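Observations on chain architecture
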Amino acid sequence: MRAGGAAARARLRGPLRPSRATDADADPSADRPAGRTAPDRPGTPVRGRPTLAYPGAVGPQVAHGEPPAGPPAERPEGSLFDVVKVAIAILDTAGRVVLWSPAAEEMLGWPSEVLVGRLIDELMTDPDPIAQARAAIQETLRQGRWHGFTELADRDGTQVRVEARISLLVDGDGTPFLQVALADAGTLRAVERDLAVRDALFEQSPLGIAILDTDLRYTAVNQTLAEMNGVLPEDHVGRTTGETLPERAADEITAIQRQVLATGEPVIDVTLASPLTARSGFRSISYSRMTDRSGRVLGISGTVMDVTERYRAVAKVEHARRRLSLLNEFGSRVGDLLDASRIAQELAGAVVPRLADYAGVILLQAVAHGDDLPRHGHDRRTSLLQLGVASVQDGPEVEVMLRRGARITFSEDSAFGRVLRSGVPELLSGSDELSDISYPGDPKVQAAHDLGVHSRLVVPLRARGIVIGLLVVSRAGYREGFDRDDLAFTVELADRAGSSLDNARLYARERTAALTLQRTLLPQQVPQPTGVEVAYRYVPGSSGTEVGGDWFDVIPLPGDRTALVVGDVMGHGLRAAATMGRLRTAVRTLAGLDLAPDVLLRHVHELADDLAQGPDEALLATCVYAVFDPATGKLVATKAGHIPPVLVVPKGEDADGPVRTGGPLPGGVGQVLDLPSGAPLGVGGVPFESIELEIPEGSLLAMCTDGLVESRDKDLDVGLGRLLSVLEQPYASIQQACEAVLATMEQGREPDDVALLLARLGRGQAGVPTAGWTLPAEPTAVSRARRLVRGALAEWTVEHLTDTAELLVSELVTNSVRYASAPIGVRLTLGETLLVEISDPLPDPPRERHAAEGDEGGRGLELVRRLALHWGARAEGMGKTVWFELPLGDHPELSFADHPVVLLDDHPQA
């Protein structure tokens with residue numbers, strides 16, 4: 001038995017290396033692997049670890065022989081065998097080593113020359129492994145195989161745990177041998193663990209996983225991906241994505257696969273619509289290129305995740321975000337609007353096309369016009385106007401269904417009637433519901449049917465618990481119908497719009513009241529005084545601002561003079577309009593006293609506390625006041641913090657021609673009058689000063705408020721320059737000049753009121769007789785004045801006025817002679833009345849007294865008051881002028897019964 005075993009061992013060793021006899025006769029280094037030397041040459045390295053004594057060996061160690069010379073065999077790089085090395089050994093039935101492979105040498109460090117012929121038991125140091133090895137050999141001889149774990153000692157004496165697989169081999173002579181396959185248990189367990197992880201990830205992963213080769217054909221897919229695609233796993237293998245999925249879905253995925261395979265750049269989390277398979281929805285795909293340890297491209301791997309729920313959740317959040325954005329955008333767009341029509345149009349434009357294809361905003365007429373809301377329920381007699389419309393397309397059907405400004409009628413049992421009465425929104429779908437929206441036979445219903453409208457929302461617009469209108473939105477064509485979420489959102493949008501619409505209604509009502517008050521307090525009839533042709537315009541502020549306190553006035557003064565006034569009360573609304581009315585009344589009253597412009601403004605300023613809007617609010621107003629005398633052609637003007645007036649003087653031949661009322665304006669050269677600034681009324685601290693200018697005949701004076709020339713981003717000089725350039729042009733009439741000025745107002749200006757007053761200044765009526773004299777301040781001046789007056793009246797053929805005129809002139813001249821020490825002026829003007837003016841350098845105005853029965857004087861001014869049609873006094877230069885008017889017709893007879901008169905002028909010259 002042993003001889004047969006020895007022969008068999010010799011046959012097994014023969015192909016691997018020479019026999020021991022041959023090894024003894026040959027060169028000891030001839031059969032050793034490269035890099036090895038015989039063990040009797042100290043200092044030379046051997047394969048594996050340094051040579052150590054075999055456990056229990058006696059004598060010199062046997063060196064490992066070198067392999068036969070020749071070209072090395074081609075070997076793949078990066079193989080799994082580089083990670084898990086399997087060592088092979090052949091044992092006889094007694095457990096002796098017959099063959100020990102190089103892999104075994106590398107694993108344990110023992111060369112084959114040392115182990116061949118020895119029992120494998122000698123690599124085990126403990127009794128238990130030895131017994132286990134012997135039992136394994138016996139089981140293999142009986143069963144043909146054995147598998148288990150054991151520990152072997154390497155050349156360092158370290159116990160190496162290995163996994164062993166023993167198989168029974170029989171040679172051609174029937175001699176049994178044992179093939180032992182050894183693998184490092186730790187490395188093998190790591191590989192097995194990695195493979196288990198791979199299997200778990202691949203087979204149990206909730207993600208779809210695919211492996212594709214370089215031809216982009218599936219080599220493996222897991223069950224999850226197979227279920228996603230609706231194709232069995234085995235039907236994937238060997239096929240491309242295009243052969244597995246529908247064409248439209250496969251094209252996009254195949255393009256991504258080719259890109260990853262060509263570039264090596266991974267594609268991560270690309271969301272695509274799922275193919276039309278058993279599981280439709282949305283998928284997130286990721287692909288990366290696979291390479292082996294040597295860098296050779298093996299194909300690509302991909303993961304597919306069903307993100308339908310995530311996508312829909314994100315889409316829902318995005319949908320909510322867009323709707324919230326729409327609410328915010330609509331709020332910001334209408335937040336500063338105070339016009340119901342504009343708000344309605346903004347509401348319709350906000351929902352198309354983001355929410356609907358067609359939209360109409362229908363409002364109560366009371367809301368549109370700023371009236372009070374109805375206190376009773378709505379019925380078919382309720383007046384509705386469609387003020388906001390929007391659509392995704394135009395056409396005749398759209399014009400029929402959505403016509404802006406159209407009056408809407410409805411029956412009480414229609415959708416419009418139900419929503420108006422109940423305030424409950426309705427979602428309409430189906431032909432029956434869509435047809436019952438307003439009234440039977442409504443052409444708008446047929447137009448909506450022609451446009452393909454299949455879903456509608458009728459939502460109430462509410463304010464203060466009252467339905468003030470309807471928001472009607474429609475969808476057509478292939479667009480999905482409205483759902484409950486759409487209805488809830490539209491209700492929220494309508495509620496916000498309802499608040500803005502009600503604010504606009506309240507503002508319109510207050511603005512109408514303030515504008516009515518403002519227009520009532522402005523001049524109702526503007527006179528056309530002698531020598532002055534006036535034109536005026538008042539433009540309220542835009543609907544986004546309340547009416548202001550801008551005003552103007554034209555006040556006739558004695559002696560054919562005219563006062564021109566323009567002012568601006570700071571603030572807006574009813575209170576500003578009321579303050580403007582009080583201020584205008586005060587100016588007009590003081591103007592009747594014929595005060596100098598600067599004196600008049602000073603008195604108005606002193607009344608500031610009484611003219612203010614309330615005890616806690618001071619009056620703040622600006623004003624420009626000018627007085628023109630056509631007889632002398634002089635203009636006296638002053639201002640209180642107001643923008644200066646503009647004067648346009650005719651040039652060339654037009655400067656000498658007479659002014660014809662209603663005639664054309666020739667144009668000319670303009671200038672801004674440089675008036676002392678003065679403080680606004682109510683501020684004080686700056687005195688008011690007047691300047692006197694001699695005005696060429698036919699000059700155009702323009703006075704306005706700041707709303708005409710001021711803007712947010714430009715200086716006042718720019719606006720005044722624009723006003724000058726307009727007024728310097730010729731116009732057919734002064735009214736046309738007014739329109740031209742308003743037409744050039746800057747669009748970006750503040751939405752403030754505008755008051756404009758144009759006055760063409762002339763020399764009075766042609767042919768009006770006038771006479772004037774200057775007399776010395778002597779007693780003889782009285783009789784001379786009477787004589788001159790008598791002569792002038794006789795020449796003008798109004799002798800019936802002589803007695804009264806002489807009496808009153810003598811009284812006034814006597815007062816001037818008594819108190820003045822400078823020449824006295826007497827002037828007569830015969831117009832519609834006889835105007836008599838007595839001037840002297842004494843600045844103090846005359847004061848009327850009530851004389852007692854025994855007083856010798858003090859009755860002169862009482863005579864003037866009793867006998868004259870009008871009388872008064874005004875400051876003029878350093879002195880004053882006392883004037884009176886006598887009517888040209890019948891005049892009252894003198895009566896001194898109740899008021900005896902003492903004549904002051906009893907000089908003999910009379």
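These remarks concern the structure in this document. (Residues numbered from 1 in each chain as written. Predicted model: local features only at pLDDT ≥ 70, side-chain atom pairs only at ≥ 80, totals over all residues. Heavy atoms only, no water.)

1. Focus on the sheet that holds strand 9 (residues 282-291)
Spatially, 5 strands are ordered 7-6-10-9-8 in an open sheet, and the strand pairing comes out antiparallel. Looking along the sheet, the strands with just one partner apiece sit at the ends: strand 7 (218-221) and strand 8 (267-273). The average angle at which neighbouring strand axes cross in this sheet is 25 degrees, direction not considered. Where strand 6 (residues 208-212) and strand 10 (residues 297-306) come together, 5 bridges link them in antiparallel fashion. Counted as the bridge partner of A210 is G302 from strand 10. Set on the sheet, helix 10 (residues 247-263) makes contact with strand 6, strand 8, strand 9 and strand 10; between it and strand 9 the angle comes to about 25 degrees. (Pairing = 2+ DSSP bridges. Helix = DSSP H or I, 4+ residues; strand = E, 2+ residues; numbered from the N terminus. Axes fitted to C-alpha atoms, helices over the stretch in contact; angles between N-to-C directions. Contact = heavy atoms within 4.5 Å.)

2. Brief notes about unusual backbone geometry
The omega torsion across V352 and P353 is 5 degrees, close enough to zero to call that bond cis. Positive phi, normally seen in glycine, also occurs at L216, with a value near 60 degrees. Of note, L216 is situated in the loop between strand 6 and strand 7. With relative accessibility at 10%, the residue L216 sits in the buried group. (Buried < 20%, exposed > 50% of the residue type's maximum accessible area, 1.4 Å probe, protein only.)

3. Things to note about empty space enclosed by the protein
The full count for this structure, using the stated rule, is 8 cavities of 30 Å³ or more. In this structure, the largest cavity encloses a volume near 190 Å³. Residue lining of the largest cavity: 16 residues in total, with I120, M124, A133, I166 and V180 positioned closest to the centre. Secondary-structure elements contributing two or more residues to the lining of the largest cavity are strand 1 (86-91), helix 5 (127-143), strand 3 (145-153), strand 4 (159-170) and strand 5 (176-184). Considering each element in turn, the lining of the largest cavity owes the most residues, 4 residues, to helix 5. Partitioned by chemical class, the residues of the lining of the largest cavity number 14 nonpolar, 2 polar and no charged. Put simply, the second largest cavity is a space of about 150 Å³. Together, 17 residues line the second largest cavity, and Q386, M401, F416, R456 and V472 are the ones closest to its centre. Broken down by secondary-structure element, the contributors of at least two residues to the lining of the second largest cavity are strand 11 (358-364), helix 17 (443-450) and strand 16 (466-476). (1 Å grid on protein atoms, 1.4 Å probe; cavity = no way out; pocket = protein on both sides within 12 Å on 5 of 7 lines; lining within 4 Å. Points joined across faces, edges and corners; volume = space filled by probe spheres on them. Nonpolar A, V, L, I, M, F, W, Y, C, P; charged D, E, K, R; others polar.)

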